[in-house]
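# Survey of secondary and tertiary structure
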Amino acid sequence: MTTLRSRIIAWAGRLYLARTRKKGFDLSRMSFLPESVLMPLRRDGLDPVPDLGAVREKEPITRLPVPIAANVWLVTGYDEVKAVLGKANAFSSDFTHLVGKAGAEAEQNPGGLGFADPPVHTRLRRLLTPEFTMRRLGRLTPRIHEIIEERLDAMEQAGKDGEPVDIVQAFALPIPSLVICELLGVPYEDRADFERLSAARFDLFSGANASFGAISESLTYFREVVKKQRKDPGDGLLGMIVKEHGDTVSDEELAGLADGVLTGGFETTASMLALGALVLLQDPDHFAALKDGDEAVERYVEELLRYLTVVQVAFPRFAREDLEIGGVRIAAGDVVLCSLSGADRDGALGPGMERFDPDRNVPSHLAFGYGIHRCVGAELARMELRAAYPALVRRFPTMRLAVEPENLSFRKLSIVYGIDSLPVQLGG
C-alpha cells in the first residue's frame, strides 16, 4: 500500500522535475516571446546574462513588448524593486488577475500566501508566522543535522570505490524534502523513497497549462492530508494550526498553505544547496574557510543568497492605481515583474556586486523577496544552508568536480534557477 510519506515524495518529485525540465516553470515552450521578455530568466552559468545588467544601468524600469492589452514593466533596480514590493496597498498579487490569461482558470487558484492580498493574506500569514519563529524552528535543529549526516553517509557509501557522486541527487534534493516533511508533520518510514526522488523522471504536464496542472495535483493531495490532520492533528505545522486555529481556517486554506510551504521550501533550498556547493568547489579559499571555522558560515550564506538569488523573478504585481516609481509612471491595471536576481546585482548596493565576495559587508539582499510577501520560511532555509555547507566540506575536504565546468548543465528559462547535475569526486 502506498504510504502517506511515499505519496508526498512522489508528488514532490513530479512537481520538482516538471518545473526543472522543459516543462512547467521552465518556459522553453514560450520561445515565441521576444528575447527581452525571456532575458530576466536567462543566465550564463551562475550569472544573470549581461543584458540584464545593461538594462538595469540604462532603465531600471522598462516596458516589455508583450502582446497583451495592459502594459508590462520589468523592474531591475534594487531601490525600484523594493519600492514595488513594499507597496502592498498600491499593487495587488491576487490570483484573479491571471484568470483568463496565461492559461489560468479560477479553479486553479493555489491559495496560500503568494497570490493573496490583505486582509486574506494577513489572516493566513498570522497562522503560519508562529510556526516559523526561531523558537519553534529550534525543535527541528537536531533533526536537520541528522538528515544532513544521513545524506553524507549515503554519499560516502556511493563514492567509496572512487565513483562520482551527484550532489544534486544525493544531497541537495533529499535534505529540504525531508526537512519540509518533518516541518509539516507528514510521516515517513525510511530513507529509500527520498533517495529515489531525484531519479524519478515524470513527464506529467505539458503545454501552457503545465504549472497550473501541477498546482491542481498538489492541492488535491493536500486536501486529503488536511482531512487526516483534522481527525488526528499531529505535532507538525498542519497539526499545530488545526489545534490552535481549527475553527477559523478552512480545509482549502490549509491545503493552500501546505502546498506553498512544501513547494517554496523544497525547490528553492535544493537549488541553493547545489549551486552553493558549486561556488565552493570553484574557489579553494572559500572551501577552506568553511572547513576550518564556523565564523565564516553566516557571511558565506548571506552573500551566497544575494549572489545566486535563485528565485529570479517575483510573483507578478498588478497596479491598483496610477502611481510613479523611480520616475516612471505606472498606470492602474499595468503588470509589474520584479527581477530579484537583477536587483541583487545592482551597483547601488556597492562596488563589485557581480562578484561573489563573502568578506564584504553583505547588503540587505532580496533573495527572499521583500514586504508582506517576503518568504515566511526564510529562517528555515538559512538553518539548512548554514548546517549543510560546512558539514559537506568537513566530511569531504578533498572533494572536487568530476567534470569540466563547461560541461555542467543548468536550467534554461526557469523562474527558480538551478543545475541539473553536479558530479563530484569525494576524495583522492
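The sections below set out a description of the structure shown in this document. Predicted model, so just to flag it, every value in this text is computed and none were measured.

## Considering the pairing of strand β4 (residues 72-75)
Covered by surrounding structure in β4 are Val72 and Leu74 together with Trp73 and Val75, the residues of both alternating faces. Here strand β3 (residues 61-64) runs beside β4; their pairing, made up of 4 bridges, is antiparallel. For Arg63, the partnering residue across the bridge sits in β4 and is Trp73.

## Description of the sheet that holds strand β5 (residues 91-92)
With respect to topology, 5 strands assemble into an open sheet ordered β3-β4-β10-β7-β5, the strand pairing being mixed. With partners counted over all chains shown, the strands left at the sheet margins are β3 and β5, one partner each. Two strands pair when backbone bridges link them, and β4 and strand β10 (residues 335-338) are joined in this way by 4 bridges, in the parallel orientation. Within the sheet, the bridge partner assigned to Trp73 lies in β10 and is Val336.

## Some remarks on the side chain of Gln312
Topologically, Gln312 is positioned in the loop between α15 (297-308) and β7 (317-319). Given a relative accessible area of 0%, Gln312 falls into the buried group.

## Describing the nonpolar core
One finds Met155, Ile167, Phe171, Leu184, Tyr389 and Leu422 to be the most contacted residues of the largest nonpolar core, which totals 88 residues. The biggest single contributor to this core is helix α13 (residues 251-281), with 17 residues. Filtering out sequence-adjacent residues up to four positions away, Tyr389 remains in contact with Met272, Leu273, Gly276, Ala277, Leu280, Leu290, Tyr300, Val301 and Leu304. Trp73, Leu323, Leu349 and Leu366 belong to the second-largest nonpolar core, a separate cluster that totals 22 residues.

## Looking at helix α9 (residues 174-184)
Here α9 lies mainly inside the structure; 10 of its 11 residues are buried. Within the sequence span of α9, burial applies to Pro174, Ile175, Pro176, Ser177, Leu178, Val179, Ile180, Cys181, Leu183 and Leu184. Positive backbone phi, at 85 degrees, marks Gly185, one or two positions downstream of α9.

## Brief notes about the packing of helix α14 (residues 284-292) against helix α17 (residues 378-395)
Axis separation between α14 and α17 bottoms out at 8 Å; the angle between their running directions is 100 degrees. One way to sum up the angle between α14 and α17 is to call them roughly perpendicular. Contacts between α14 and α17 involve Phe287, Leu290 and Lys291 on the former and, on the latter, Tyr389, Pro390, Val393 and Arg394. When the residues that make up the contact of α14 with α17 are grouped by side-chain class, the tally is 5 nonpolar, no polar and 2 charged.

## Brief notes about the side chain of Glu253
Tracing the backbone through its elements, the reader meets Glu253 in helix α13. A polar contact of 2.3 Å, which involves the side chain of Glu253, links it to the side chain of Arg123. Dropping the residues within four chain positions of it, Glu253 is found in contact with Arg123, Leu124 and Thr248.

## Section: α15
One turn of an α-helix holds 3.6 residues; hence residues three or four places apart share an orientation. Its 12 residues give α15 an end-to-end C-alpha distance of 16 Å, which sits within 8% of 16 Å, the value for a rise of 1.5 Å per residue. For α15, the buried fraction is high: 10 of the 12 residues fall into the buried class. Considered for burial, the residues of α15 that qualify are Val297, Tyr300, Val301, Glu302, Glu303, Leu304, Leu305, Arg306, Tyr307 and Leu308. Remark: Thr309 follows α15 within two positions and exhibits a positive phi of approximately 35 degrees.

## Some details on the packing of aromatic side chains
This model, assessed by the stated rule, comprises 4 aromatic pairs. Residues Tyr300 and Phe356 carry aromatic rings whose centres are separated by 5.3 Å and whose planes lie at 80 degrees to one another, so their mutual orientation is edge-to-face. Of this pair, Tyr300 sits in helix α15 while Phe356 sits in the loop between α16 (340-343) and α17, and the two are 56 residues apart along the sequence. Of the two residues, Tyr300 and Phe356, neither departs from the other in class, the shared state being buried. Centre to centre, the rings of Phe410 and Tyr417 are 5.9 Å apart; their planes meet at 5 degrees, and the pair counts as stacked. As far as burial versus exposure is concerned, Phe410 and Tyr417 are alike and both buried. Taken together, the ring pairs connect Tyr300, Tyr307, Phe356 and Tyr389 into an aromatic cluster.

## A word on empty space enclosed by the protein
The tally for this structure, following the rule as stated, stands at 1 cavity of 30 Å³ or more. Along its surface, the largest cavity is lined by Val84, Leu85, Lys87, Ala88, Phe91, Ser93, Asp117, Arg317, Ile372 and His373. Across the lining of the largest cavity, the residue classes break down as 5 nonpolar, 2 polar and 3 charged.

What counts as what
- Residues numbered from 1 in each chain as written.
- Predicted model: local features only at pLDDT ≥ 70, side-chain atom pairs only at ≥ 80, totals over all residues.
- Heavy atoms only, no water.
- Buried < 20%, exposed > 50% of the residue type's maximum accessible area, 1.4 Å probe, protein only.
- Helix = DSSP H or I, 4+ residues; strand = E, 2+ residues; numbered from the N terminus.
- Pairing = 2+ DSSP bridges.
- Core = buried A, V, L, I, M, F, W, Y, C linked by side-chain atoms within 4.5 Å.
- Contact = heavy atoms within 4.5 Å.
- Axes fitted to C-alpha atoms, helices over the stretch in contact; angles between N-to-C directions.
- Parallel < 35°, antiparallel > 145°, perpendicular 65-115°, else oblique.
- Nonpolar A, V, L, I, M, F, W, Y, C, P; charged D, E, K, R; others polar.
- Polar contact = N/O pair within 3.5 Å; in protein donor to acceptor, adjacent residues only side chain to side chain.
- Expected span 1.5 Å × (residues − 1).
- Phe/Tyr/Trp six-rings, centres within 6.5 Å; stacked < 30°, edge-to-face > 60°.
- 1 Å grid on protein atoms, 1.4 Å probe; cavity = no way out; pocket = protein on both sides within 12 Å on 5 of 7 lines; lining within 4 Å.
- Points joined across faces, edges and corners; volume = space filled by probe spheres on them.

By themselves, these are just geometric observations and shouldn't be taken as functional.
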